[in-house]
Amino acid sequence: MTKQEKINLLTTYLNKLYPQTKVFLNSNNEFEFLVAVILSAQSQDKVVNQVTPHLFQKYPSVLSLANGKYEEVLSIIKLVGLGPSKAKNIIELAKIISTKYESKIPHDIKLLEELPGVGHKTASVFLAEIDNAKYIPVDTHISRICKRLNIVSDKLNPTQIQKTLEKYYKGDNYINFHRQMILFGRNICLASSKRKCEECPFQFCKDRKKDS
């Protein structure tokens, strides 16, 4: 079975399982969303959604966060994990956006990747969610699914997997496909022995074969 055939099957299955998904992170504007995505790295979305209302109540604008004190920002976001580096990054991010970009987020992936705390995945999530850009960002769930289904080699990194998915995905809603795979990874194709293979239709999964 080719990569194209596997992705087509995966797309059809996920469209039935999760027809329309919603953005996982809560926000009121582009800046809040970008900060939320940065905070979500190696953290659960539900924890980020608990923290951000307090963060943006205290710092309701780009400029106010740019002038925020590190210790105070850290005390608010510490629950998300990696708090020290994230606090430093989002303050510096706010400073750059407020001065260099006049408090407006650049909608260019290269410019986004130059910002503190913004890697390729974060930039891809932002543009896919905000602009409906044709990106399929890859997290640990999506990476696991693609490798288990032999869509990609175990050696590929998230950026390489993302390029593969974007090449072969034939649907018209890239960010919805991204969210669908995450939900599939959270609910069915879980890590290690927690996975629910009895609920999964993909007989070509290499981990399923190991257990048979």
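Residues numbered from 1 in each chain as written. Predicted model: local features only at pLDDT ≥ 70, side-chain atom pairs only at ≥ 80, totals over all residues. Heavy atoms only, no water.

Engineer: An account of the nonpolar core is requested, with residue identities and associated values reported.
Structural biologist: The biggest cluster of nonpolar side chains holds 39 residues, and the ones touching the most others in it are F31, L34, V35, L55, L65, L93 and L112. The set of elements that each furnish at least two residues to this core consists of α2 (30–39), α3 (45–58), α4 (62–66), α5 (70–77), α6 (83–100), α7 (109–113) and α8 (120–131). When residues in this core are grouped by element, the largest group, eight residues, is from α2. Ignoring sequence-local partners within four residues, the contact set of V35 consists of L55, F56, L65, I90 and L93. By size, the runner-up hydrophobic cluster in this structure holds 29 residues, among which are I136, C146, Y168 and M181. (Core = buried A, V, L, I, M, F, W, Y, C linked by side-chain atoms within 4.5 Å. Buried < 20%, exposed > 50% of the residue type's maximum accessible area, 1.4 Å probe, protein only. Helix = DSSP H or I, 4+ residues; strand = E, 2+ residues; numbered from the N terminus. Contact = heavy atoms within 4.5 Å.)

Engineer: Quick rundown of the side chain of T122? Include the residues and the values.
Structural biologist: One can find T122 in helix α8. Residues within four places of T122 in sequence aside, it is in contact with L34, V37, I38 and G117.

Engineer: Explain the packing of helix α9 (residues 140–148) against helix α11 (residues 174–187) residue by residue, including any values.
Structural biologist: Where α9 contacts α11, the axes come no closer than 8 Å and their chain directions differ by 80°. If you check the angle between α9 and α11, you find them roughly perpendicular. From α9, H141, I142, R144 and I145 reach across to α11, where they touch H178, M181, I182, F184, G185 and R186. Here the residues of the contact of α9 with α11 are counted per class, giving five nonpolar, three polar and two charged. (Axes fitted to C-alpha atoms, helices over the stretch in contact; angles between N-to-C directions. Parallel < 35°, antiparallel > 145°, perpendicular 65-115°, else oblique. Nonpolar A, V, L, I, M, F, W, Y, C, P; charged D, E, K, R; others polar.)

Engineer: I'd like to hear about α6, residue by residue, with values.
Structural biologist: For α6, with 18 residues, the first-to-last C-alpha span of 25 Å sits near the 26 Å given by 1.5 Å per residue. All of the buried residues along α6 are G83, K86, A87, I90, I91, L93, A94, I97 and S98. Down the axis of α6, the smallest arc covering the buried residues is 155°, so these residues share one side. Exposed side of α6, more than 90 degrees from the buried face: K88, T99 and K100 are the residues found there. Each element contacted by the buried residues of α6 is listed here: α2, α3, α4 and α5. Of the residues flanking the end of α6, it is E102, one or two places downstream, whose phi is positive at about 55°. (Expected span 1.5 Å × (residues − 1). Arc of directions from axis to C-beta.)

Engineer: Can you explain the environment of E72? Please cite residues and give values.
Structural biologist: As for its placement among the helices and strands, E72 is situated in helix α5. The class of E72 is partly exposed, set by a relative accessible area of 33%. For the pair E72 and I145, spaced 73 residues apart in the sequence, the C-alpha separation amounts to 39 Å. Contact partners of E72, with chain neighbours within four places excluded, come to K58 and Y59.

Engineer: Outline the packing of aromatic side chains, supporting the account with residue identities and numerical values.
Structural biologist: Taken as a whole and judged by the stated rule, the model has seven aromatic pairs. Between Y13 and F184, the aromatic rings sit 5.7 Å apart at their centres with planes inclined by 75°, giving edge-to-face as the arrangement. Taken together, the residues Y13 in helix α1 (residues 3–17) and F184 in helix α11 connect sequence positions 171 residues apart. Using a relative accessible area of 17% as the deciding quantity, one classes Y13 as buried. Consider the rings of Y13 and F202, whose centres lie 5.3 Å apart with planes at 80°: the pair is edge-to-face. Within this pair, whereas Y13 is found in helix α1, its partner F202 is found in the loop between α11 and α12 (206–211), the two being separated by 189 residues in sequence. F202 gets classed as buried once you look at its relative accessible area, which sits at 4%. When the ring centre of F24 is taken as reference, the NZ or CZ atom of R186 above it lies at 4.6 Å. (Phe/Tyr/Trp six-rings, centres within 6.5 Å; stacked < 30°, edge-to-face > 60°. Lys NZ or Arg CZ within 6 Å of the ring centre and 35° of its normal.)

Engineer: Mind laying out the environment of N176, listing which residues take part and the relevant values?
Structural biologist: You can see N176 is positioned in helix α11. Considering only alpha carbons, one finds N176 and C146, 30 residues apart in sequence, at a separation of 16 Å. Discounting residues that sit within four places of it in the chain, N176 has contacts with Y18, P19, Q20 and T21. Separated by 3.3 Å, the side chain of N176 and the backbone oxygen of P19 make a polar contact. (Polar contact = N/O pair within 3.5 Å; in protein donor to acceptor, adjacent residues only side chain to side chain.)

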